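# Coordinates in review
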Amino acid sequence: MNKFAFVDCKTVDEALGQLGDGATVKAGGIDLLDLMKDDIVFPAKLVNIRNVDSLRGITVSADGLQLGPLSTLSEIADHPEIQRSYSALSDAAGHAATPQVRNMATLGGNIMQRPRCWYFRSTDVDCKKKGGGSDECHAQAGENQYHAIMNNSTCAMVHPSSTAVPLLGMDAQVELTSKRGKRMVLMSNFYVPPEKSVINETVVQPGELITGIFVPAPAPGTRSAYQKYGEKESFDWPIADAGVVLVMDGALCRKASVVLGVAAPTPIRSKAAEAVLTGKTIDEATARAAGKAAMQDATPLSQNGYKVQLFQTAIYRTVLLAAGQMQRDPSAIG
Ligand SMILES: Cc1cc2nc3c(=O)[nH]c(=O)nc-3n(C[C@H](O)[C@H](O)[C@H](O)COP(=O)(O)OP(=O)(O)OC[C@H]3O[C@@H](n4cnc5c(N)ncnc54)[C@H](O)[C@@H]3O)c2cc1C
């Protein structure tokens, strides 16, 4: 681990004043400290925002849900109003990691965590994502069992954030603040595909701070669900996860949002699955057809073909769970 300065901030202005010149924001520190201990990143200065009170808090109003970026995964999972009206978000937060991690992990840090690709996380290999001059994605012909099964021709990493899945499905927006002012970024524009930048996973620029996450109020009849599947029935990142938001009129689906996590380098919506569900009665057949449609463009690598079947099942079950036609799948992990 490199030597670094540590600055504890109490206000957003103080934190913004400290950013720049190799400084990195530190929230809970769970991912950042791992990356530093593994010699993957070398920030000259950590700007600790954990004591910036204005970045805390969860507010539910008629307009929607306002989340401070320091909201912990536990606070989001346990919030009765989020459980009731934004179930997929409380499910995703509540089934990530372990209780100890969820007590420390913040929402801002969760959507900003770096990929778990073992080639990216290893100091023994260089890869194009590290920006050291290599043009290789070792996962494409290497150990790729946890990697992307879609959009994987440039870099096969997957984004590991579980909360990003429902946030994308619910049309959330992220507020970014810098010395130049504020901008709102739709979750659908927040992650950057490797074809646009293989180095940066998000549109967040140096000197910018996430100062809020806003989820619009759900339309009447909205129901949502999230489920995560993993290799073991314990704490781990998902190998497949799905978030489904349905606007229902009785058994009829008026609008559907189907999001796949860890299928591609960014969380993605499946327009094909949404088209299958929209205007239809939700039942086992439509849910199964949605799962199949979502995987029609899959391009699995040598060792991750199993994820195609797993995603079809995850979508099928999560659609039925969202529609109130199935209980939470006991084989989903968390
Ligand atoms: C055993 C284990 C299992 C896990 N399983 C899961 C899982 O299933 N699903 C899942 O989603 N995650 C999982 N995680 C990851 C964990 O949830 C994240 O590491 C955590 O949410 C990061 O939050 P943090 O506050 O600690 O962020 P930090 O480590 O402090 O920061 C992470 C990154 O975000 C940036 N950042 C943080 N806050 C801001 C801000 N406000 N503005 C701009 N940049 C910011 C930092 O600069 C850094 O780059 C797991 C972790 C562990 C250890």
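Quick summary incoming for the structure in this document. (Residues numbered from 1 in each chain as written. Predicted model: local features only at pLDDT ≥ 70, side-chain atom pairs only at ≥ 80, totals over all residues. Heavy atoms only, no water.)

This part covers the layout of surface pockets. Over the atoms a probe the size of a water molecule is rolled, and this reveals where empty space is left. Here the second largest pocket is characterised by a volume of approximately 360 Å³. In terms of lining residues, the second largest pocket is bounded by 16 residues, among which Arg116, Cys117, Tyr146, Asp236 and Trp237 are the most central. (1 Å grid on protein atoms, 1.4 Å probe; cavity = no way out; pocket = protein on both sides within 12 Å on 5 of 7 lines; lining within 4 Å. Points joined across faces, edges and corners; volume = space filled by probe spheres on them.)

Sheet architecture is open: three strands sit in the order 1-3-2, paired in parallel fashion. In this open sheet, the two strands that pair with only one neighbour each are strand 1 (5-8) and strand 2 (23-26). In this sheet, adjacent strand axes meet at a mean angle of 25° when their direction is disregarded. Here strand 1 pairs with strand 3 (residues 45-48) via four bridges, running parallel. Each residue of the ladder has a partner; that of valine 7, found in strand 3, is valine 47. Seen against the sheet, helix 2 (residues 30-37) touches strand 2 and strand 3 and runs at an angle of roughly 135° to strand 2. (Pairing = 2+ DSSP bridges. Helix = DSSP H or I, 4+ residues; strand = E, 2+ residues; numbered from the N terminus. Axes fitted to C-alpha atoms, helices over the stretch in contact; angles between N-to-C directions. Contact = heavy atoms within 4.5 Å.)

An ideal rise of 1.5 Å per residue puts 24 Å on 17 residues; helix 12 (residues 306-322) measures up with 24 Å between its terminal C-alpha atoms. In terms of burial, helix 12 is a largely internal element, 12 of the 17 residues being buried. Three or more residues of helix 12 are buried, namely Lys307, Val308, Phe311, Gln312, Ala314, Ile315, Tyr316, Thr318, Val319, Leu320, Leu321 and Ala322. Buried residues belonging to helix 12 abut strand 9 (222-229), strand 10 (240-249), strand 11 (252-261), helix 10 (271-277) and helix 11 (284-294). Among the residues trailing helix 12, glycine 324 stands out with phi positive, at a value near 80°. (Expected span 1.5 Å × (residues − 1). Buried < 20%, exposed > 50% of the residue type's maximum accessible area, 1.4 Å probe, protein only.)

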